[in-house]
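Structure at a glance
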Amino acid sequence: MPVLSLVFGVDIRYAIGASLVSVIATSSGAAAAYVREGFTNIRIGMFLEIATTIGALTGAFVASMVSTRAIAVVFGGMLLWSAYEESRPRYVSEETGTDRLAGILKLDSTYPGLQGPRSYSVHSVPGGFALMALAGILSGLLGIGSGAMKVLAMDHVMKIPFKVSTTTSNFMIGVTAAASAGVYLNRGYIDPGITMPVMLGVLAGSLIGARMLVRTKTRLLRILFSGVILILSVEMIYNGLSGRL
Amino acid sequence: MQTARSILSEEKIHAIIGSLLRGGVLLAAVITLIGGIMYLLRYGNAIPDYHVFRGEPADLRGVPGILRDMASFRSKGVIQLGLLMLIATPVARVAFSIVIFALQRDRKYVVITLIVLTALLFSISGGTL
């Protein structure tokens, strides 16, 4: 979405529509593979999707009431934050007591490890749920998947193992983006001429990327990714404030 | 007699959901590609202007209009149907989960999944549910 509006000068509303569709494409494509491997926790995903879909609907409705310049500035801020988050080393979560809600909702589960299934328990369900609602609002407002924030909610707050957090976050992104995409479709933000090449390009790119991922060093990827995001976010905020969008 | 739980093992459920998502994305990509080729044959030489936001015409904004355009083989309608298929893929996954949770007699999750499905249908129908 930043590339569309910054490099090609596409109106930010068309860019939001095209971005949402490409988010659904990559998320669903990757989720198909992750679900089979058994890392994704469908119950956690389903329960937290209540927060993300209702948040996304709220965000998408609010988006029609605020200016595109304000959206650009908020988006730039989000990008800056995710660049920072991406460059930070992750810490390993330590075991503490379990959550009562996690028990009621049967969220605790296992994931495949080297020595057979490893069990984990879920913590701070209300806190994670609240952060998910915020992730949903940002997704609906900006037309993004807000995957980084979903991982933050599950990994840092709910203390879910990293591999389960990332794959379950990816699993939820499709549903969250679909909730916003419906609103944007009805509002005429999804243009077939722009969205078609973006969707097909993103799908082809993600297929190639998934193959390259095995051979590329993670450290290099993170630095490259943070650099690109940093430049885009600064430009987005500048354009939003100077009224060029 | 086998119980519903043993017929539908977790692994099997994961495999079915995986296939559902992959099938939906592939079908959506193929329809969008066909529409894209039709679109380029029709408008390939025109220079589009997306600097100014006009919004899509009414027939490309909702499910009935897109289906009508699709029936008359209009390229934009075909692309839009592909995009609609893509948006419908996660919705189909949620709808399918309701069936699974019902077979597992997991009432809590049937309710949770119904709430999510209602929010999604509300969005796609344009808030007219």
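Rules behind the numbers
Residues numbered from 1 in each chain as written. Chains lettered and ligands numbered in written order. Predicted model: local features only at pLDDT ≥ 70, side-chain atom pairs only at ≥ 80, totals over all residues. Helix = DSSP H or I, 4+ residues; strand = E, 2+ residues; numbered from the N terminus. Buried ≥ 20, exposed ≤ 12 C-beta atoms within 10 Å, placed from the backbone. Axes fitted to C-alpha atoms, helices over the stretch in contact; angles between N-to-C directions. Parallel < 35°, antiparallel > 145°, perpendicular 65-115°, else oblique. Left-handed = near helix turned anticlockwise from the far one by under 90°. Contact = placed C-beta atoms within 7 Å. Nonpolar A, V, L, I, M, F, W, Y, C, P; charged D, E, K, R; others polar. Pairing = 2+ DSSP bridges. Expected span 1.5 Å × (residues − 1). Core = buried A, V, L, I, M, F, W, Y, C linked by C-beta atoms within 7 Å. pLDDT = per-residue confidence, 0-100.

For chain B, the count of helices and strands is five helices and zero strands. Tracing chain B from N to C terminus, the helices and strands come up as α-α-α-α-α. Of all 129 residues assigned to chain B, the portion counted as buried reaches 36%.

Turning our attention to the packing of helix 3 (residues 42-63) of chain A against helix 8 (residues 162-186) of chain A. How two helices sit against one another is set out by the angle between their axes and by the gap between those axes. All names here are of chain A. Contact geometry of helix 3 with helix 8 gives a least axis separation of 8 Å together with a crossing angle of 30°. It follows from the interaxial angle that helix 3 and helix 8 lie roughly parallel. Seen from above, helix 3 lies across helix 8 with right-handed handedness. Residue-level contacts link Ile44, Gly45, Leu48, Glu49, Thr52, Thr53, Ala56, Leu57, Gly59, Ala60 and Phe61 of helix 3 to Thr168, Phe171, Met172, Val175, Thr176, Ala179, Ser180, Val183 and Tyr184 of helix 8. Here the contact of helix 3 with helix 8 is built from residues that sort into twelve nonpolar, seven polar and one charged.

Moving on, we come to the pairing of strand 1 (residues 109-113) of chain A. Residue and element names in this part refer to chain A. Here strand 1 runs beside strand 2 (residues 116-120); their pairing, made up of five bridges, is antiparallel. In the strand pairing of strand 2, Pro112 is matched with Pro117. What sits between strand 1 and strand 2 in their antiparallel hairpin is a turn of two residues.

Residues and elements named next belong to chain A. Look at helix 6 (residues 125-142): 26 Å from first C-alpha to last across 18 residues, which is about the 26 Å you get at 1.5 Å a residue. The buried fraction of helix 6 is high, at 13 of 18 residues. Immediately downstream of helix 6, the backbone of Gly143 shows phi near 70°, a positive value.

Next up on the list: the nonpolar core. Within the largest apolar cluster, 101 residues are counted, with the highest numbers of intra-cluster contacts made by Val21 and Ile24 of chain A. With 15 residues, helix 2 (residues 12-37) of chain A is the largest single contributor of residues to this core. In contact with Ile24 of chain A, not counting residues within four places along its chain, are Gly174, Ala177, Ala178 and Ala181 of chain A together with Leu86, Ile87 and Pro90 of chain B.

For chain A, mean pLDDT is 81; residues scoring 70 or higher make up 80% of the total. Of all helices and strands in chain A, the one with the weakest mean pLDDT is helix 1 (residues 2-7) of chain A (60), whereas helix 3 of chain A scores best (93).

Moving on to the interface of chain B and chain A. It is common to give the size of an interface as the accessible area that goes away when the parts come together. Across the boundary between the two partners, chain B contributes 46 residues, which contact 44 residues of chain A. Those elements that place two or more of their residues in the side of chain B that touches chain A are helix 2 (10-43), helix 4 (75-103) and helix 5 (107-124) of chain B. For the side of chain B that touches chain A, the leading source of residues is helix 2 of chain B, giving 14 residues.

Detailed reading of the predicted coordinates is not advisable wherever pLDDT is low. All names here are of chain B. On average, residues of chain B score 83 in pLDDT, and 81% of them reach the 70 mark or higher. For chain B, the element scoring lowest by mean pLDDT is helix 1 (residues 4-7), at 52; helix 5 scores highest, at 94. Every residue in residues 1-5 scores below 50 in pLDDT, and together they form four contacts with partners more than four places removed in sequence or on other chains.

This next bit is on the packing of helix 2 of chain B against helix 4 of chain B. Residue and element names in this part refer to chain B. One way to put it is that helix 2 packs onto helix 4 with a least axis distance of 6 Å and a crossing angle of 170°. The angle between the axes of helix 2 and helix 4 places the two elements in the roughly antiparallel class. Taken together, the residues that form the contact of helix 2 with helix 4 break down as 20 nonpolar, seven polar and three charged.

This next bit is on unusual backbone geometry. All names here are of chain A. Even without being glycine, Lys106 reaches a positive phi, approximately 50°. Tracing the sequence through the fold places Lys106 in the loop between helix 5 (100-104) and strand 1. A count of 14 C-beta atoms within 10 Å places Lys106 in the partly exposed class. One non-glycine residue, Ser124, lies in the positive phi region at around 40°.

Right, let's talk about the environment of Val35 of chain A for a bit. Relative to the assigned elements, Val35 of chain A resides in helix 2. C-alpha of Val35 of chain A to C-alpha of Lys150 of chain A: the two residues are 115 residues apart in sequence and 17 Å apart in space.

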